[in-house]
Amino acid sequence: MTDRPRDLSGLFETERSAEIVAASFDGAPDARMREILASLVRHAHAFVKEVGLTGEEWAEGIRFLTATGRRCDATRQEFILLSDVLGVSMLVESLNNPADGRCTEATVEGPFHLVDSPERELGDAIGEGGEPCLVTGRVTDTAGAPVAGARVDVWQADADGFYDVQRPGEVPDGNLRGLFTADGDGEFRFRTVVPRHYPIPTDGPVGALLRATGRHANRAAHIHLQVSAPGVRTLTTHLFADDSPYLDSDAVFGVKASLIRTFARVDDPGRAAEYGLPNPFRHVDFPVTVRREPGM
């Protein structure tokens, strides 16, 4: 009895490597998973072939990724930081929130957002230790209607360029963070300090990568805002100070021209007293436009 020919087409071959490995995922029940994994394999294999990756370079890459994972903890996400400095985070945000001239543009969330920001009342101060500033704004949809009760989550670094989670025991938990609820007209306001430019964390693998490639680690001065409400698409964005350095070379590519604002100096004792601020102070108004989900 003659043995039947065996199908050996799945054996690894250098020229057909991506095709062979991608085919191994053909049985994945989730179509989107199949698409993503097949594309990942094709691009990864093309990259290895294009640069002629050596065994030691491959091993160094594995060591780098391992170190990146080990640097992650409850208050820091080094993989997000890596994604940020490679521009991947901004690309994902831009693809999923395309600029159409109607909505406020989206930017990266960054590695220091906390799920549980402290609830605050409109007009509250979120922290001290810098030049006093009033931030006001109004949340509307693309038709100009107010989004009453929108949740506005804000967070920023302090005057020394640190987030609260980077200085545990030195500053109160929740310093320069706040979760506000917009009023019936979609308006929000809070007291804070003028944001300052600062370096992203450089004491981990991502910092080593930046040093090895001669890149600086600085972010342009900004305040993070994440705006959400039932029936609208959650928006993560930044408010950038127009007098900040690094606007044109932000370490995570997060700056968009439409998000740059002037933090105007106000010398008005009456207004300062009205908002509970010393005189003079700085003021910036940042209207936010969000997109309603279909059918809402």
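Residues numbered from 1 in each chain as written. Predicted model: local features only at pLDDT ≥ 70, side-chain atom pairs only at ≥ 80, totals over all residues. Heavy atoms only, no water.

Colleague: Sorry if this is basic, but what is going on with the sheet that holds strand β8 (residues 235-241) here?
Modeller: Two modes of strand pairing occur in sheets, parallel and antiparallel, and in both the strands are linked by backbone hydrogen bonds. One open sheet holds the five strands; their spatial order is β3-β2-β7-β8-β9, and the pairing between them is mixed. The open sheet is flanked by β3 (177-181) and β9 (260-261), the only strands paired with a single partner. Summarising the sheet, strand β2 (residues 151-155) and strand β7 (residues 222-228) pair through five bridges and their orientation is antiparallel. Within β7, the position partnered with Arg151 by the bridge is Ser228. (Pairing = 2+ DSSP bridges. Helix = DSSP H or I, 4+ residues; strand = E, 2+ residues; numbered from the N terminus.)

Colleague: How do you make sense of empty space enclosed by the protein when you look at a structure like this?
Modeller: Empty pockets left among the atoms are what a rolling probe the size of a water molecule brings to light. Counted by the stated rule, this structure contains two cavities of 30 Å³ or more. Taken as a whole, the largest cavity spans an internal volume of roughly 130 Å³. Lining the largest cavity are 14 residues, with Asn97, Cys103, Thr104, Leu235 and Arg291 positioned closest to its centre. Within the lining of the largest cavity, the residues separate by chemical class into six nonpolar, four polar and four charged. Here the second largest cavity defines a volume of roughly 80 Å³. For the lining of the second largest cavity, the per-class residue count stands at nine nonpolar, two polar and three charged. (1 Å grid on protein atoms, 1.4 Å probe; cavity = no way out; pocket = protein on both sides within 12 Å on 5 of 7 lines; lining within 4 Å. Points joined across faces, edges and corners; volume = space filled by probe spheres on them. Nonpolar A, V, L, I, M, F, W, Y, C, P; charged D, E, K, R; others polar.)

So far we have only geometry, and geometry alone does not tell us how the molecule works.
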